[in-house]
Amino acid sequence: MGMIDRYKKTGGFLQLVQLIETTGSPKREQFLKMIADENPTWEAAVKQKMLSLDRMLTWNASYLMEFMPAIPPMAIACGIYPFPENKRAVFLSALAFGDRKKVEDVLKEHKPNSGEIASSQIKIIGEVRKMTATGKLKFEKFDSDLHIPENIEELLKGGSFTTIHSSVEHVETELAAIPGITGKTIDEESLVLRRKIVSLTQENVRLMKENKEFRDKLEAIKSAVQKIA
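Predicted, not measured: the structure shown is a model, and the values here were computed from it.

S.K.: I keep staring at the overall build of the protein chain and nothing clicks. Help me out?
M.R.: Looking only at helices and strands, the protein chain has 13 helices and 0 strands in total. Helices and strands appear in the protein chain in the N-to-C order α-α-α-α-α-α-α-α-α-α-α-α-α. Counting only residues that meet the buried cut, the protein chain has 35% of its 229 residues in that class. For the protein chain, the computed accessible surface area is about 13,700 Å², with 56% contributed by carbon and sulfur atoms.

S.K.: Would you take a moment to explain the environment of Leu156 for this structure?
M.R.: Here Leu156 is to be found in helix α11 (residues 152–158). Separated by 111 residues in the primary sequence, Leu156 and Ala45 place their C-alpha atoms 8.2 Å from one another.

S.K.: Could you clarify how one ought to interpret the layout of surface pockets in this entry?
M.R.: Over the atoms, a rolling probe the size of a water molecule traces out where space has been left empty. Looking at the second largest pocket, its volume works out to about 390 Å³. Glu21, Arg28, Leu51, Ser52 and Gln121 are the residues nearest the centre of the second largest pocket, which is lined by 21 residues in total. Elements supplying a minimum of two residues to the lining of the second largest pocket: α2 (25–38), α4 (53–56) and α9 (114–133). Sort the elements by how many residues they give to the lining of the second largest pocket and α9 lands first, with 5 residues. Looking at the lining of the second largest pocket residue by residue, the classes come out as 9 nonpolar, 6 polar and 6 charged.

Cut-offs used in this document
Residues numbered from 1 in each chain as written. Predicted model: local features only at pLDDT ≥ 70, side-chain atom pairs only at ≥ 80, totals over all residues. Heavy atoms only, no water. Helix = DSSP H or I, 4+ residues; strand = E, 2+ residues; numbered from the N terminus. Buried < 20%, exposed > 50% of the residue type's maximum accessible area, 1.4 Å probe, protein only. Areas by Shrake-Rupley, 256 points an atom, 1.4 Å probe, with all protein chains shown as cover. 1 Å grid on protein atoms, 1.4 Å probe; cavity = no way out; pocket = protein on both sides within 12 Å on 5 of 7 lines; lining within 4 Å. Points joined across faces, edges and corners; volume = space filled by probe spheres on them. Nonpolar A, V, L, I, M, F, W, Y, C, P; charged D, E, K, R; others polar.

Pasting the structure below:
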């Protein structure tokens, strides 16, 4: 059995993403290489859907405020310890004054080791995952690339993810060839394009699901009619 075979069932992809994102850096790279060797499409999808504190830095403060207050000050301090002051400030801005002061005090008095940093970052990531699982946070609203469709395992089997990324990369290449187009413009256009494609893919998934439900109902009606006849 391959590395990803056990994760091809419904819900398995999310389990794999959570395993990878909560694994220490050296081992994480080993896992990703194993996945890439087995199925590059899955590796690309896992990388796109993985949570990290760096990713959280791109979110609006209002979304950080949804989960940061639920995390103990010690965990926040240890988790953000490796970041420079300006990035720490992004996380601290999501806390009430009292909690922010507690975190700042820990940062001044305690130098966490690598194990404390890793476990604290995992705790922060875990809190975000918990809130998305309960619907309190919806990636579709603020970071659609992180949204995982219910049947993503089927999409990956059909190569939809590969199609999405090859299309985006083609457009990025075309943009780069246009005189006067800067790297910043390409990044902005790419982000918009990726979000549109993800949105269209999600809509396609919804329609496919509805179509299957209609077919199942039709088959049930046919079966019932045959029994009556």
